[in-house]
Amino acid sequence: MKARTSRQWIVPHEWMVLPMRQVEWIERKGRLVWLAEVFSALGMGLYLVALIAGNWWATLIGWLLIVLFKMPLHLFYLGKPLRFWRAIPPFTKAWKTSWLARGMFFSTVFIAAGFVQLLMSYIIINGVASGAALDGVTFVNWIASILAGVFIVLTGMYAGFAMSYCKSVPFWNTDLLPLVFLLMGVADGLALLMGVGLVTHDVDIERLESISRVLLIVNALLIVVYLAHAWRRRSVAKLAARDLLVGRTALVFWIGIVALGIVVPLAISFATVFMESDIARPLIVAIVCHTIGAFALKYALLKAGIYKSVLPEAL
Amino acid sequence: MRWGMVINLAKCMRCHACVAACRVEHFLPLHVTWAKLIAHEVDEGGVVDVSTYPVRCNHCADPPCVHACPTEASYRREDGIVMIDSDKCIGCRYCVIACPYQNRTFLSKDKDPGYFPGYAKTGFERKGRKLYPHQVGTTEKCNFCVERIDAGMAKGRRPGIDRDATPACVNTCQARALTFGDLDDPESEVSKLIRKYNGFQLRAEYGTDPSVYYIDYRIGGAPSNKAPEHARTGYNMKHASTVDRDAARRLGRSTVKGEAKQ
Ligand code: SF4
Ligand code: SF4
């Protein structure tokens, strides 16, 4: 048996030959995609938990995060921004196969339904309508809340589906990715809702904290499972996992995601259980850390998008 | 009808003529390349052998780029050619990421500085831009010289047989390593080559069913696929990888352990 080593190289097109990172969605103008995805998670999480908790101001902020940050950032990223409408059904039939077209549809429906929900619940809260009109408003609010709730979840998850569709990027190519997007987003939303609660004083922070504790532990386990799953798969997925754990993205992973995104908020959350004094300050620290963690998570995920090489004998 | 290409790796001599022909044919912007050459080296017990792979869009039968495109700017014609309508493309780059063969390029402004950066466009470039607008902000890739195929067929010519209906890279290859034709026709030259030499597709495991096939002595799998030693692509190239320091540096970076050979 003769040992055989294969190497692949060439001067101008090494991206096809070696396992290379995707750059379109994370470098240069691609950083807009990263930011858009962060605001997508923050907006989705905040809107969803606020809708369930019945906090009008927080739902408004969640909705605004999508309308004023996520969508414009995506728009500015496009090579031809003025043609954006081409990606929105019914101007395209690509939704049958394209997760981006579906995402545009989900976001559009959410923005419309969210607007109606905000308007109707404002009318209800402030007693603008009464009698039969109030019944109508309540009914519309109910329908709009369901629609907005469903479509904000889809809005927060579609990028996970879009990324997991890419077979040549093994680290993304797993059904776990949309779940990561959803659960991390909800945890971000809980943190932001506590922040809103500190200002409006109408949020049961203790209850949110206990939910947040569980979710943070679930998310930590999810990250472990995700990385273990990538590690077990041969080749490039393992390479990406190694890149996160000990490679060029390790700092973002350990400090951004693990320390700031999970450990610090979790530690503060447990510590506040035993705190007699004012918990506002540690809570603010936890919320800020958690939000930095949200930025780090999307950054690391996009950075870990490493292609398999084109030739069959490479990694 | 499904247009396809067979690339004989044993014949390719890495002259880059196909890359140049494509560039001239389509007036490609300075930093954009549709047809490319990539090199692959195998070290068997100290014997280093280099093969060159001409690559271009595979015009996949089940193209992820088309499925990913949110605007239907990417589409597959009935004859199997995968196209991009630059007037519909919004430049989202999802197709660039979804193409498992990394064959798409987003044309950003800096990739198109003109053939003589800092100077006005030449008459040649201006004329070229009328034929091929190359819109900045959209995505591009090899189109199998669809304009030659369509114009040629309109004149009754046969792609793959008559030069004026055949892709420029195929016409220009002096080693005759590229063959073009109808994959659906069992009597076409491409179908015969695939059958005879066990043609294989790159990364068939993705299920994309590429229309570009390769024939080679090494990775087609079957013994009949072996070219004689003197015909191997790397036969005269062993020297290159040992003297080129830059290549050696890359080799060091890209060492990959392969399976032991029986
Ligand atoms: S090679 Fe890439 S760009 Fe070409 S058809 Fe296949 S997936 Fe699309
Ligand atoms: S960059 Fe253009 S061709 Fe590619 S997916 Fe987006 S709209 Fe479609």
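Residues numbered from 1 in each chain as written. Chains lettered and ligands numbered in written order. Predicted model: local features only at pLDDT ≥ 70, side-chain atom pairs only at ≥ 80, totals over all residues. Heavy atoms only, no water.

1. Focus: the site of ligand 1
For the record, the criterion: By convention in this text, a residue qualifies as near a molecule or strand provided that one of its non-hydrogen atoms is within 4 Å of it. Gly is placed with the polar residues, together with every amino acid not listed as nonpolar (Ala, Val, Leu, Ile, Met, Phe, Trp, Tyr, Cys and Pro) or charged (Asp, Glu, Lys and Arg).
Close contacts around ligand 1 come from 14 residues, with Cys-57, Asn-58, Cys-60, Cys-65 and Cys-99 of chain B the closest. Looking at side-chain class alone, the shell around ligand 1 contains nine nonpolar, three polar and two charged residues.

2. Quick look at the side chain of Arg-104 of chain B
Counted only if it meets this: Secondary structure elements follow DSSP: runs of H or I of four or more residues count as helices, runs of E of two or more count as strands, with numbering from the N terminus. Contacts between residues were defined by any pair of non-hydrogen atoms, one from each residue, lying within 4.5 Å.
Within the secondary structure layout, Arg-104 of chain B lies in the loop between α3 (94-98) and β6 (105-106). Residues contacting Arg-104 of chain B, with those up to four places away along its chain left out, are Cys-65, Ser-74, Val-82, Ile-84, Cys-95, Val-96, Cys-99, Thr-139, Glu-140 and Lys-141 of chain B.

3. Things to note about the packing of aromatic side chains
Our working definition: Under the pairing criterion, centres of Phe, Tyr and Trp rings, with the six-membered ring standing for Trp, must be within 6.5 Å; the plane angle then separates stacked pairs below 30 degrees from edge-to-face pairs above 60, leaving the rest tilted. When a residue's accessible area, from a 1.4 Å probe over protein chains only, is under 20% of the maximum for its type it is buried; when over 50% it is exposed; and in between it is partly exposed. Ring-over charges, as used throughout, are those where CZ of Arg or NZ of Lys falls within 6 Å of the ring centre and within 35 degrees of the ring normal.
Scanning the model with the defined rule gives 23 aromatic pairs over all chains in all. Consider the rings of Phe-105 of chain A and Phe-106 of chain A, whose centres lie 6.3 Å apart with planes at 55°: the pair is tilted. When the centroid spacing of 6.2 Å and the interplanar angle of 75° are considered together, the rings of Tyr-101 of chain B and Tyr-206 of chain B count as edge-to-face. One end of the pair, Tyr-101 of chain B, is in the loop between α3 and β6; the other, Tyr-206 of chain B, is in the loop between α7 (189-197) and β9 (212-215), with 105 residues separating them in the sequence. With respect to burial, Tyr-101 of chain B and Tyr-206 of chain B carry one shared label: buried. Of the aromatic side chains, those joined through ring pairs into one cluster are Trp-34, Phe-39, Phe-69, Phe-295 and Tyr-299 of chain A. Positioned above the aromatic ring of Trp-99 of chain A, the side-chain terminus of Arg-102 of chain A is 4.5 Å from the ring centre. Just above the ring of Phe-106 of chain B sits the side chain of Arg-93 of chain B; from NZ or CZ to the centre is 3.6 Å.

4. Side note on the site of ligand 2
In the vicinity of ligand 2, the contacting residues are Cys-69, Pro-70, Thr-71, Ser-74, Cys-89, Ile-90, Gly-91, Cys-92, Arg-93, Cys-95, Arg-104 and Thr-139 of chain B. Among the residues forming the shell around ligand 2, the class breakdown is six nonpolar, four polar and two charged.

5. Some words on the environment of Gly-123 of chain B
Residues and elements named next belong to chain B. Along the polypeptide, Gly-123 turns up in helix α4 (residues 123-131). According to the relative accessible area criterion, Gly-123 is partly exposed, its value standing at 44%. Through-space distance from the C-alpha of Gly-123 to that of Asp-209 is 41 Å; in sequence the pair is 86 residues apart.

6. Thoughts on the packing of helix α2 (residues 31-53) of chain A against helix α10 (residues 280-303) of chain A
The description of two helices packed together rests on the angle between their axes and the distance between the axes. All names here are of chain A. Rules: A fitted line through C-alpha atoms represents every axis, and for helices the fit uses only the stretch in contact; the resulting angles, taken between N-to-C directions, go from 0 to 180 degrees. Any angle that falls under 35 degrees is termed roughly parallel, while one over 145 is termed roughly antiparallel, one within 65 to 115 roughly perpendicular, and all others oblique. Crossings are assigned a handedness: left-handed for a near helix turned anticlockwise from the far helix by less than a right angle, right-handed for a clockwise turn.
For the pair α2 and α10, interaxial distance at closest approach is 9 Å and the crossing angle is 130°. Here α2 lies oblique to α10, going by the angle between them. Crossing of α2 against α10: the hand is right-handed. Between α2 and α10, the residues in contact are Trp-34, Leu-35, Glu-37, Val-38, Phe-39, Ala-41 and Leu-42 and Thr-291, Ala-294, Phe-295, Lys-298, Tyr-299 and Leu-302, respectively.

7. Overview of helix α9 (residues 250-273) of chain A
Residues and elements named next belong to chain A. The criterion, for reference: To obtain the bend at a residue, axes are fitted to the seven residues ending there and to the seven starting there, and the angle between these axes is taken.
The sharpest bend along α9 comes to roughly 45°, located at Ala-259. Along α9, the residues that are buried comprise Ala-250, Phe-253, Gly-256, Ile-257, Gly-261, Ile-262, Pro-265, Leu-266, Ile-268, Ser-269 and Thr-272. On its buried side, α9 packs onto α7 (205-232), α8 (236-245) and α10.

8. Topic: the nonpolar core
One broad rule of soluble globular proteins: the nonpolar side chains tend to lie buried together. Convention followed: Working definition of a nonpolar core: buried Ala, Val, Leu, Ile, Met, Phe, Trp, Tyr and Cys residues. They are joined through side-chain atoms within 4.5 Å.
Trp-25, Phe-110, Phe-171, Trp-172 and Leu-193 of chain A together with Tyr-94 of chain B are the most contacted members of the largest nonpolar core, which has 95 residues in total. When neighbours within four sequence positions are excluded, Leu-193 of chain A is seen to be in contact with Leu-46, Val-49, Ala-50, Ala-53, Asn-55, Ala-58, Val-203 and Leu-208 of chain A. By size, the runner-up hydrophobic cluster in this structure holds 41 residues, among which are Ala-35, Ile-149, Phe-180 and Val-212 of chain B.

9. Notes on the pattern of salt bridges
Put simply, the test is: Salt bridge criterion: a side-chain nitrogen from Lys or Arg within 4 Å of a carboxyl oxygen from Asp or Glu.
Per the stated rule, a full pass over the model turns up 13 salt bridges over all chains. Close ionic contact of Glu-24 of chain A with Arg-93 of chain B constitutes a salt bridge, the shortest N to O distance being 3.4 Å. Of this pair, Glu-24 of chain A sits in the loop between α1 (14-17) and α2 while Arg-93 of chain B sits in the loop between β5 (82-84) and α3, placing the two residues on different chains. The closest approach of N and O atoms between Arg-77 of chain B and Asp-150 of chain B, which form a salt bridge, is 2.9 Å. With Arg-77 of chain B in the loop between β4 (74-76) and β5 and Asp-150 of chain B in helix α5 (residues 146-154), this pair connects stretches of sequence that are 73 residues apart. In the salt-bridge network here, residues are joined through shared partners; they are Arg-77, Asp-79 and Asp-150 of chain B.

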